[in-house]
Structure formats: C-alpha cells, structure tokens
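Listed here are the chains, written in short residue letters.
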Amino acid sequence: YYADTQTYDRELGILILKGHVEFDHLGNVLEADYVTYNENSDIVTASGNVRLRQTNGEINFADYLELTGDMKEGIVLQLRTLLDDDSKIAALEGRKFEDRQELERAVYTPCELCGDKLPTWQLNARRAVKDDVNKDIVFTDAEFRFLDTPLLYLPYATQPLERRSGFLLPKPGYTSDMGALLQIPYYIVLSEDTDMTLTPVFFTEQNPLLFGEYRQAFGSGIFNVEGSI
C-alpha cells in the first residue's frame, strides 16, 4: 500500500492511511483519500474520491465503501461503475458479493456520456443484480427511457455482459402513413466476426415487415447487407 501519511493503532489493530492512498490486493487496487484497515475484523473502509480497479477490467467509483480484506464482499454507497465494454451502471447503494452485486435504485446505459449531455437511452430500475457468473444484469421494476423520457415499463429485464444471441430492447414508434409501430429485434451471433439482426416490425395500419441485417468484419473493413420483406 501507499499513502501520504499512515498511523497504526496497535491496541485496536487499525491501520489508518491518508492522502493519495493506494491499497493493492491481488491486482485489485483501491484508491481513496482516506482508508482504514481493521486487522481484527479484516475490514477495509474507504472514503473521499474512492476508486476500485478490479482485475476483470471494471472500475468502480463511490463516495464510501466497506469491504472485506480480499475486496470481494461488502457495501458501497453512491456507486458508479465503468464496465469493461464501456457501458455504465450507477446505484444509490450496492452490496458486493464474490459472484454478484445487488444494486438499489440502479441506472444502466451503454451510451457514451459527454459532459451534461443525456444518454440516448437508459434503464432505470428499482433493483438490479449484476451476475458475474452468468454474465447478466437482471433488472426488476425497470423503466426504459429515451433521452430521459420514459417510454416503456419493464417489470423484468436482462442485459447481457457478453456478446450473445437474444432479443434486444423493443423500439416503439409512429408514422403518419403506417400508424403506430413496434420493432422487436433479435440479435444472432454467427461467429467471432459475423452476426446478424432480424427485426419484425408490426404496424397498426399496414402489414408486418421483416427487416434483416448481416454483418461481417475483416482485417481491412466491414461487409454489410440489409434487406426486408
């Protein structure tokens, strides 16, 4: 570990680190302004510009956290996480376990954030569970928001943390010629460098449409084919 100043209470078995603290355990690096470690209870607490960089590539920011000495379990307040695919998730409070995180009042978005610019879309949920074993985020009592405008209520939804086949979020819309519409895209992984999306589109005033898109990546470019019927 490193800190600008450190003190140790031998009677209580508490190490106190202050100022530009870096606390490393098996590649998990905790940075904060103030860190304490209680040897008797094997508990680490941190506050002030808290950042936890994990070996799986995730970076967690928080106002306060309290973790076990191996940094695998504990509680986190005002959590903001940058996942290894650059998507983001935030929560008022989280409980961290070795194989999952349980989040209260969570917000998730894969969109790029620039200053005060709103994300294109996000999921706001009363509760979310980030499952590190099955590579999923499971949302309960969620709301799909587009440019911070609520569009769809989802009592249950999942977001994969890895590339895999499955349904994408439905896309409602409206046109003057075809009325209200609903797109239900299904994403299909074919190989490491090829995939496709099949999207049935349902209209209130026209026959349904099936839209397809095939993509393949090469070392020198991308091949893309689209069609509909």
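Residues numbered from 1 in each chain as written. Predicted model: local features only at pLDDT ≥ 70, side-chain atom pairs only at ≥ 80, totals over all residues. Heavy atoms only, no water.

**Examining the nonpolar core**
In summary, soluble globular proteins display a tendency toward joint burial of nonpolar side chains.
Moving on, step 1. Within the largest apolar cluster, 37 residues are counted, with the highest numbers of intra-cluster contacts made by L30, V35, I137 and F139.
Moving on, step 2. I137 has contacts with L83, I89, Y108, A128, V129, K130, A157, T158, Q159 and L161, leaving out every residue within four places of it along the chain. (Core = buried A, V, L, I, M, F, W, Y, C linked by side-chain atoms within 4.5 Å. Buried < 20%, exposed > 50% of the residue type's maximum accessible area, 1.4 Å probe, protein only. Contact = heavy atoms within 4.5 Å.)

**Considering the pairing of strand β17 (residues 209-218)**
In the case of a regular strand, side chains alternate between the two sheet surfaces.
Moving on, step 1. With eight bridges connecting them, strand β16 (residues 194-203) and β17 associate as antiparallel partners. Residue P200 lies in a different strand from β17, and its bridge partner there is L210.
Moving on, step 2. The turn linking β16 back onto β17 is made up of five residues.
Moving on, step 3. Of the pairings in the sheet, the one linking β17 to strand β18 (residues 221-228) comprises eight bridges and is antiparallel in character. The partner of F218 across the bridge, within β18, is G221.
Moving on, step 4. Hairpin geometry of β17 and β18 is characterised by an intervening segment of two residues between the two adjacent antiparallel strands. (Pairing = 2+ DSSP bridges. Helix = DSSP H or I, 4+ residues; strand = E, 2+ residues; numbered from the N terminus.)

**Regarding the pattern of salt bridges**
Moving on, step 1. This structure, assessed with the given rule, holds 17 salt bridges.
Moving on, step 2. Close ionic contact of D132 with K130 constitutes a salt bridge, the shortest N to O distance being 2.5 Å.
Moving on, step 3. Residue classification places K130 among the buried positions, given a relative accessible area of 1%.
Moving on, step 4. Salt bridges here are not isolated pairs; linked through shared partners, they connect D99, R100, E102, E104 and R127. (Salt bridge = Lys/Arg side-chain N within 4 Å of Asp/Glu carboxyl O.)

**A look at the side chain of D131**
Moving on, step 1. Residue position: D131 is located in strand β9 (residues 121-131).
Moving on, step 2. Residue contacts for D131: discarding those within four places in its chain leaves D99, R100, D136 and L161.

**Overview of a nonpolar patch on the surface**
Moving on, step 1. Residues L118, F146, L147 and L151 make up a contiguous nonpolar surface patch of roughly 360 Å² in combined accessible area.
Moving on, step 2. Locating L147 in the fold gives a position in the loop between β10 (136-146) and β11 (149-160).
Moving on, step 3. Overall, the relative accessible area of 44% leaves L147 in the partly exposed class. (Patch = residues over 30% accessible without salt bridge, like charges linked within 9 Å, V, L, I, M, F, W, Y side chains within 5 Å. Areas by Shrake-Rupley, 256 points an atom, 1.4 Å probe, with all protein chains shown as cover.)

As far as function goes, none of this settles anything; it's purely spatial.
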